[in-house]
Every structure is written in structure tokens, then in C-alpha cells.
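Fold and contact review
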Amino acid sequence: MKLSTPSSTGGATAASLTAQLSQSKHRFRERIIEIVLLSALLLTLITLVTLIVNLTTTGWPVLSERLGSFLSSGLDASNAKEAGVWQAIRGTLTLAIIVAIVAFPLGIASAIYLEEFAGNSLVTRIIRVNVRNLAGVPSIVYGILGLSLWVKFAGGFTGGRTVIAGGLTLAILVLPVVIITASEAIRAVPQSIREGAFGVGATQWETIRSHVLPSAAPGIFTGTVLALSRAAGEAAPLLLVGGITGLLRTGNLSLWEQITEGGFTSMPVAIFSYARQTGEEFREVTAAASLVLLFIVIVINGLAIWLRNRFEKKW
Amino acid sequence: MPFQLEALEVWYGEFRAVRDVSLTVNSQEITAFIGPSGCGKSTVLRCLNRMNDLIPTAKVNGTITYHGLDLYDSRVDAVEVRRRVGMVFQKPNPFPKSIYENLAFGARLNGVKKKAELDDIVESSLQRAALWDEVKSRLSASAMGLSGGQQQRLCIARCIAVEPDVILMDEPCSALDPIATARIEDLMQEIKKDFTIVIVTHNMQQAARVSDRTAFFTTEVNLESDRRTGVLVEYDQTARMFSEPKDERTENYITGRFG
């Protein structure tokens, strides 16, 4: 239908123009689409809220009655009254530190090489595709790799089924994620910035260090934090490389000996361990432990966002 | 003579972007490269500081000498070339840092470390780029907050801070309004006593206004592919080329019949 305007129709009445302009056909369709999109978002949010509410109500007896002893007791899947998450929290933090020390420098260095030095040959394209594939490899497969590489082959170095072997396994697991996100952040730096630096006679490394990395830093940082959260939440690979379920006795080993020789557990492993037990009391312990893990992950993410905002100067 | 080009041709992979360029760039002069889009003028400019090295498929045939030395000799370090032959780009591209840091970066590349010396270089570069009075009170502010014309003068100052011999300008005013353009053109006249300038421009009037010599490029249809190859048509003193062009194609271009 043609939209008539007063000038083109001359004699058209104001009433017919008003009728044409106020057709609600578009508005109705737009409204439907908006509602569909909003429903999708709400469905996601409801699921998340239900999960948290459910965990909180289930875990409430533990959290309200013995939060202190829950946070300070060790892993004990035989006695719900004694069960705690202290060793698991410590294990998860130790694993996170090892991942940060190993995977971040390796991943960022690899990304810099791929983006700034490697060029675009067939070989580098194959490498790029495969890094993406590696990010999609199921974590249990990394567990198998960790078992044969870090526990068996390099057992002399890692001490066998220790937190070091666990941390190195998780480091390999998140390495592709770090490389991919860092690559994307580096690629997003405008070429004009590089040209500006080259144009005044900077070397490639001077250009990267002074201009490319500072511009890419927030993106790189976000990627590393995502990787860290993922590492903190993995149970499967740790079960293969020696994460302890059931009961973890540290005896009178020193902190250093616990890291280099002793057994270890982590939050997801402890949750797995408690979830396997029967009885209402263990359901409560499991829910409480899950909330603690959620809290740890949120704290890690929050800390990272805070750090990023603190160090990122907007120009 | 800073540059002497002899039978230069540039290939991007299998595509010959420009051929048969022979010309001489004189010291303390402004040399303009003009011509329609795709005629290879920017390509030739980017050979002069080996910026084309950054494009993996680019290949240069023929010779370019810089003060008599073969610029593309395998012993020549492109980084050292670029410290002597600075570049200003089409779109102002200040670093996303403070005004001060934009200038100090180049000076530091030259090994200047002391704060007092850096301060001096920052001030004198901004003075010479006619930007000092506008920014002296906010040197630590972001360069991205400057207007387009100021950003482009900052980029020129950034070049000057490295104390180059030649400054290459790749359509430096195409993103600017007429007033900002006029200021850049004044600035070029100002600094040409210290630096040799080679400018690529789309704008014939600009070439006529600012340059001492002009090279006119055009494009030629290739029989073997549908892509056009650039070629140098005529190179002469600007006044002479615009008043009595030798080649018909030059005349057609400068009288506005094509391009």
C-alpha cells in the first residue's frame, strides 16, 4: 500500500493519513519478538536462581549451625558431622596458583607468536585450527593425558599423584582457552597502532611491548580469568591424576611436603565425594560445599574485574 | 639526494601494483605524488621507508637508493630506515596514550632516557608541529581527546621527535576539514627547511599549493587480468607540470577530465 502524504495527494483527508500512520501492524510484530527474546533470558535467569535457592535451602542446616567447623574441617566422606571443605579450598587455591603460573605466561607468549610473528602459512593455519580443537577436547581426556604425562612419566618431578600433577594437568586443559582469548584480544588491536609505531622506527618487539600488549591487556586479562574459573570448577581430570575422595589424612606433613608428596583434593572433587554418599546429612553437606565453590569462583571473577578496572587506563 | 628510484615495480603476490617508476626526490623539497585511486602512489611511498615489508606478499623490483645506498640491500635494517624516514598516515593514528607519551616514545627509541631531555624533545617537537600552544597545559591528557586536525599534527610531531631526514605523508589531510587541512599545509611549508617531504594526495589543488615537484601516476588496464597496474606518467616541477603538462593524460587529469 502506498503511503499518501498531503502534498502528493492534495485532496486526501487528514483522517485517512492519520489512519495510515497509526497502523499498529509493525508494533505488534516487534512486541512479539521482544517478548520471545525476554522469555529466553528469563528462563535462563530462573534456572540459575532456582539452583542457588535450592542449594541454599538444602545446605542451610550446615551453613547456619556449623559454618566455622565446616570451613575448617578436612575431607571426610564417612561422617557427615565431621565433613568439611578446608583441604578442598586450599587445594583449589593451590591449583589455581599453579595454573596461573604455568598456563598464563605460556598461553600469552604463544598467542603473541601466533598473531604477531607466525604469518599466515598453511602450517600456522593448521596450528590455529588445532588450538581451537584442543579447547573443545573433553576434560576427562586431559585427565588421561595428565595421568600418563605428569603422574607416570614425569612422576619424579611432580611426586606422582600430587597437587603439582593436578595443577599441571589443569594448566594444559586451560592453555588453549588462554591462547584463543589472548589471540583474539591481540588481533583486535587496530593495525593503525602498529603502523604508527613502525612508522617512527620501532622494532617489532618494541611495537608489541609498548603498544599492542597494553591495548590488548584488558581482553587478555578477561580470558585468563575465564580460564582460571574453568580450572577451579573441574573435577573429572583431577579424579584421574589423584584427587582424593573419601578421606584425606595429611598427618604431620609440612605444607611443602603436602604439596610435593601428599595427596590433595579440591572443591569439585570434594563435592563429588560428598554427593556420592547417601543420607540427608550428606545432601546438606554437598549443597553447602557447592555454595562455597560458587562463592570462590565469584570472588576470583570479582577480584579480576576489580584488578582490570584498576589497571586499565581508558584513553 | 635522499631518494633515487630506478625502474621500480612492486608486486603483491601475482599482481603487479605499479611499474616503471623512475624519479629523484630532492632534499628540502616537497614532492607530491598525485593520481587516481589505485595508481600505486601510496604503494611507491611505502617503499621509501620499507613499510611494504610488513605485507608478506609484497615484492620490490628495480632500485631505490637512499643517499646513494641501495635501500633494499639485504644488509639494510628496515627499522633503521624508518627512524630516518618517518611516516604520517591517512587516518590520524596517535597511540592511545598521553600526548607526552606519543612523543616520548620515538625519542626513547633513539636512546634518550633522561626526563629533562625528553621534556625538551616533547616541547620542541610540538612547537615545530605548531601544536604546543594548544596542548601545553594538558600534556598528560589522552591524545585521543584531540580533534582530528590536532591528532594529525601530533602524528607529525611524533615523527619530528625522532629527528628523521625525510617525512612521508600518505594523504595526511583526507580525513580533515578545510581549516585543519590549511594548518597542515602551512606546517609543511614551515618544516620543509629541515625535512625532505614526500606527500601522496588525492587533491590536485593541494599538490599545486604545497609541492615543489609533482609525480603524476595513472592506471593502465592489464591484458592478462582485470586488475589495473599503476604507472608513472610524468614527473616535473609542480609549476611547470600544472601550466604545461607534457603528457595528454596529465593534462586530462589536471584539467579535471578524469580521475
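Worth saying up front: this structure is predicted, and the values here are computed from it rather than measured. (Residues numbered from 1 in each chain as written. Chains lettered and ligands numbered in written order. Predicted model: local features only at pLDDT ≥ 70, side-chain atom pairs only at ≥ 80, totals over all residues.)

Quick notes on the overall build of chain A
Assigned secondary structure in chain A consists of 14 helices and 0 strands. Taking the principal axes of its C-alpha atoms as reference, chain A extends roughly 100 × 60 × 35 Å. Residues classed as buried in chain A amount to 37% of the 315 residues present. (Helix = DSSP H or I, 4+ residues; strand = E, 2+ residues; numbered from the N terminus. Buried ≥ 20, exposed ≤ 12 C-beta atoms within 10 Å, placed from the backbone.)

A few points about the overall build of chain B
From N to C terminus, chain B includes 10 helices and 10 strands. In terms of overall size, chain B behaves like a compact globule, its C-alpha atoms giving a radius of gyration of 19 Å where 259 residues would be expected to give roughly 18 Å. Projecting the C-alpha coordinates of chain B onto the three principal axes gives extents of approximately 60 × 40 × 30 Å. Taken over 259 residues, chain B has a buried fraction of 46%. For chain B, restricting intrachain contacts to residue pairs at least 6 apart in sequence, the fraction spanning at least 24 positions comes to 69%. (Rg over C-alpha atoms; globule rule 2.2 N^0.38 Å. Contact = placed C-beta atoms within 7 Å.)

Description of the pairing of strand E10 (residues 228–237) of chain B
All names here are of chain B. As paired elements, strand E2 (residues 15–25) and E10 share 2 bridges and run parallel to each other. Each residue of the ladder has a partner; that of arginine 19, found in E10, is valine 231. Of the pairings in the sheet, the one linking strand E9 (residues 213–221) to E10 comprises 9 bridges and is antiparallel in character. Pairing of threonine 214 across the sheet is with aspartate 236, part of E10. (Pairing = 2+ DSSP bridges.)

Looking at the sheet that holds strand E1 (residues 3–12) of chain B
All names here are of chain B. The strand order E5-E4-E1-E2-E10-E9-E3-E8-E7-E6 describes an open sheet built from 10 strands, whose pairing is mixed. Taken across any chain shown, the strands that pair with only one partner, and hence form the sheet edges, are strand E5 (69–70) and strand E6 (85–88). With 7 bridges connecting them, E1 and E2 associate as antiparallel partners. Across the sheet, the residue bridging to leucine 5 is leucine 23, located in E2.

Points about the interface of chain A and chain B
Across the contact, 16 residues belong to chain A and 22 residues belong to chain B. Taken together, the elements giving at least two residues each to the side of chain A that touches chain B come down to helix H9 (191–199) and helix H10 (204–233) of chain A. Ranked by the residues each element gives to the side of chain A that touches chain B, the list is headed by H9(A), at 6 residues. In terms of residue class, the side of chain A that touches chain B is made up of 5 nonpolar, 9 polar and 2 charged. (Nonpolar A, V, L, I, M, F, W, Y, C, P; charged D, E, K, R; others polar.)

A short note on the confidence of the model for chain B
Across chain B, pLDDT averages 92, with 99% of residues at or above 70. In the model output, the complex is listed with pTM 0.84 alongside ipTM 0.90. (pLDDT = per-residue confidence, 0-100.)

Quick notes on unusual backbone geometry
Residues and elements named next belong to chain B. Phi at glutamine 28 is positive, roughly 50°, even though this residue is not glycine. Mapping glutamine 28 onto the fold places it in the loop between E2 and strand E3 (30–34). Under the C-beta neighbour-count criterion, glutamine 28 is labelled exposed, with 12 such atoms within 10 Å. In this model, glutamate 171 sits at a positive phi of 45°, which is unusual for a non-glycine residue. With respect to the helices, strands and loops of the structure, glutamate 171 is situated in the loop between strand E7 (166–170) and helix H7 (178–191).

Some thoughts on the environment of B:Ile179
Residues and elements named next belong to chain B. Of note, isoleucine 179 is situated in helix H7. Of the residues examined, isoleucine 179 has 8 C-beta atoms within 10 Å and is grouped as exposed. Expressed as a C-alpha distance, the spacing of isoleucine 179 and glycine 149, which sit 30 residues apart in the sequence, is 8.6 Å.

Quick look at H9(A)
Listed in full, the buried residues belonging to H9(A) are A:Arg194, A:Gly196, A:Ala197, A:Phe198 and A:Gly199. The inward-facing, buried residues of H9(A) abut H10 of chain A together with helix H2 (78–84) and E6 of chain B.

Some details on the packing of helix H3 (residues 99–109) of chain B against helix H4 (residues 115–128) of chain B
Relative placement of two packed helices is described by the angle separating their axes and the distance separating the axes. Residue and element names in this part refer to chain B. Running from N to C, H3 and H4 cross one another at 110°; their axes reach a closest spacing of 9 Å. Here H3 lies roughly perpendicular to H4, going by the angle between them. Seen along the crossing, H3 lies across H4 with a hand that is right-handed. On H4, the residues that touch Tyr100, Leu103, Ala104 and Ala107 of H3 are Leu118, Ile121, Val122, Ser125 and Leu126. (Axes fitted to C-alpha atoms, helices over the stretch in contact; angles between N-to-C directions. Parallel < 35°, antiparallel > 145°, perpendicular 65-115°, else oblique. Left-handed = near helix turned anticlockwise from the far one by under 90°.)

A look at the nonpolar core
Proteins that are soluble and globular tend to have nonpolar side chains buried together. One finds B:Ala157 and B:Leu168 to be the most contacted residues of the largest nonpolar core, which totals 76 residues. The residues contacting B:Leu168, other than those within four sequence positions of it, are B:Leu45, B:Leu48, B:Asn49, B:Val85, B:Gly86, B:Met87 and B:Val198. Ranked by size, the runner-up nonpolar core spans 68 residues in total, among them A:Val85, A:Ala182, A:Ala185 and A:Phe264. (Core = buried A, V, L, I, M, F, W, Y, C linked by C-beta atoms within 7 Å.)

Here's the deal with the packing of H9(A) against H10(A)
All names here are of chain A. In the contact formed by H9 and H10, the axes pass within 10 Å of each other and the chain directions differ by 155°. Taken together, the axes of H9 and H10 lie roughly antiparallel to each other. Taken as a pair, H9 and H10 cross one another with a handedness that is right-handed. Packed against H9, whose contacting residues are Ile193, Arg194, Ala197 and Phe198, the element H10 presents Glu206, Thr207, Ser210, His211, Val212 and Ser215 at the interface. Partitioning the contact of H9 with H10 into residue classes produces 4 nonpolar, 4 polar and 2 charged.

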